[in-house]
Amino acid sequence: MPPAPAEAAQHAAAVFVAEVISVQALEGHRGSTIALRLLTPPGALKGGERLGGPEFSLTTGPTGGMCGVPFRSGDAYLVYAYESNGHLSTNTCTRTKHYRKGGVVDETAAAEVETLKSAGFDGQGVPGGSSVPTVDDPSAEPPAPTPPATQEPPPAAPPGKPG
């Protein structure tokens, strides 16, 4: 059984929510390379600098009893990734799980993200690490508009003096 969310995140190289763009089998039945697009919210909760941008990849082992996560294109996952040979990877022994399947967000996974945020894994610093620019989640509500900044005009020069 995997450790609790905060403990698992502490030991992970990166924790994030991303949508699967594609799944490509590795040669020799050694697993798959997964192309992902980071979603915001919630985005990278830890290790965003390791992702290299809003679109990135990671690997997983073979599925069918070999610890590989059976990623599906179009679905989104809460991923706990570790570093293996200089690349991010994950497996079924981590807390990696579906976050959004068929357009429906899994309430348990969403609650786990909130648990991680409340434990300080928010992508903004310790213990979560730095964040990375993200691609908006099309199912998320748009942010509230930001009011325009107001600027005061510079003070007028005293009479008789050049401005």
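Cut-offs and rules
Residues numbered from 1 in each chain as written. Predicted model: local features only at pLDDT ≥ 70, side-chain atom pairs only at ≥ 80, totals over all residues. Heavy atoms only, no water. Disulfide = S-S within 2.5 Å. Buried < 20%, exposed > 50% of the residue type's maximum accessible area, 1.4 Å probe, protein only. 1 Å grid on protein atoms, 1.4 Å probe; cavity = no way out; pocket = protein on both sides within 12 Å on 5 of 7 lines; lining within 4 Å. Points joined across faces, edges and corners; volume = space filled by probe spheres on them. Helix = DSSP H or I, 4+ residues; strand = E, 2+ residues; numbered from the N terminus. Nonpolar A, V, L, I, M, F, W, Y, C, P; charged D, E, K, R; others polar. Polar contact = N/O pair within 3.5 Å; in protein donor to acceptor, adjacent residues only side chain to side chain. Contact = heavy atoms within 4.5 Å. Salt bridge = Lys/Arg side-chain N within 4 Å of Asp/Glu carboxyl O. Phe/Tyr/Trp six-rings, centres within 6.5 Å; stacked < 30°, edge-to-face > 60°. Core = buried A, V, L, I, M, F, W, Y, C linked by side-chain atoms within 4.5 Å.

S.K.: Can you lay out the state of the cysteines for me, pointing to particular residues and giving the numbers?
M.R.: As enumerated under the stated definition, the model contains zero disulfides in all. The cysteine Cys-67 is free of any disulfide, with Cys-93 supplying the nearest cysteine sulfur at 4.5 Å. Looking at Cys-93, the relative accessible area reads 55%, which means it is exposed.

S.K.: Could you give an account of the layout of surface pockets, naming the residues involved and the relevant values?
M.R.: By volume, the largest pocket is sized at about 170 Å³. If you trace the largest pocket, you find 15 residues lining it, with Leu-26, Thr-59, Thr-60, Leu-88 and Ser-89 closest to the centre. Breaking the lining of the largest pocket down by element, the ones donating at least two residues are strand S4 (55-60), strand S5 (76-84) and strand S6 (87-90). Broken down by class, the residue content of the lining of the largest pocket amounts to four nonpolar, ten polar and one charged.

S.K.: With reference to specific residues and values, describe the side chain of Thr-90.
M.R.: Relative to the assigned elements, Thr-90 resides in strand S6. On the basis of relative accessible area, Thr-90 is assigned to the buried category, the value being 0%. Only 2.9 Å separates the side chain of Thr-90 from the backbone oxygen of Tyr-80, close enough to count as a polar contact. With residues up to four places along the chain from it excluded, the contact list for Thr-90 reads Leu-58, Thr-59, Thr-60, Gly-61, Val-69, Phe-71, Val-79, Tyr-80, Ala-81, Tyr-82 and Thr-96.

S.K.: Please give an account of the environment of Tyr-77 that cites residues and values.
M.R.: By the element assignment, Tyr-77 lies in strand S5. With a relative accessible area of 2%, Tyr-77 lands in the buried category. Residues Tyr-77 and Leu-39 lie 38 residues apart in sequence; the distance between their C-alpha atoms is 9.7 Å. Among all residues touching Tyr-77, those that are not within four sequence positions of it are Phe-16, Val-17, Ala-18, Val-20, Pro-70, Phe-71, Arg-72, Lys-97, His-98 and Tyr-99. Within the structure, Tyr-77 has its side chain in polar contact with the backbone nitrogen of Arg-72 (distance 2.9 Å).

S.K.: How would you sum up the pattern of salt bridges? Please name residues and give values.
M.R.: Taken as a whole and assessed by the stated rule, the structure comprises eight salt bridges. In this structure, Arg-95 and Glu-112 form a salt bridge, with 2.9 Å as the shortest nitrogen-oxygen distance. One end of the pair, Arg-95, is in the loop between S6 and strand S7 (97-101); the other, Glu-112, is in helix H2 (residues 107-118), with 17 residues separating them in the sequence.

S.K.: If you had to explain the packing of aromatic side chains to someone new, which residues and values would you point to?
M.R.: Each pair of aromatic rings is reported with the distance of its centres and the angle of its planes. Enumeration according to the criterion identifies two aromatic pairs in this entry. Geometrically, the ring pair formed by Phe-16 and Phe-56 is edge-to-face, given 5.1 Å between the ring centres and 90° between the ring planes. Within this pair, whereas Phe-16 is found in strand S1 (residues 14-25), its partner Phe-56 is found in strand S4, the two being separated by 40 residues in sequence. In this structure Phe-16 comes out as buried when scored by relative accessible area, which is 0%. Between Phe-71 and Tyr-77, the aromatic rings sit 4.7 Å apart at their centres with planes inclined by 70°, giving edge-to-face as the arrangement.

S.K.: Give me the environment of Gln-24: which residues, what numbers.
M.R.: By the element assignment, Gln-24 lies in strand S1. Residues Gln-24 and Ala-35, spaced eleven residues apart in sequence, show a C-alpha to C-alpha distance of 8.2 Å. Here Gln-24 is in contact with Gly-31, Ser-32 and Thr-33, once residues within four sequence places are set aside.

S.K.: Quick one: what's the story with the nonpolar core, residue by residue and with numbers?
M.R.: Residues Phe-16, Leu-36 and Leu-51 are the most contacted members of the largest nonpolar core, which totals 18 residues. Of all the secondary-structure elements, those providing two or more residues to this core are S1, strand S2 (32-40), S4 and S5. Those residues in contact with Leu-36, other than ones at most four positions away along the chain, are Phe-16, Ala-18, Glu-19, Val-20, Ile-21, Pro-54, Glu-55, Phe-56 and Leu-58. Residues Ala-8, Val-15, Tyr-99 and Ala-109 belong to the second largest nonpolar core, which totals 15 residues.

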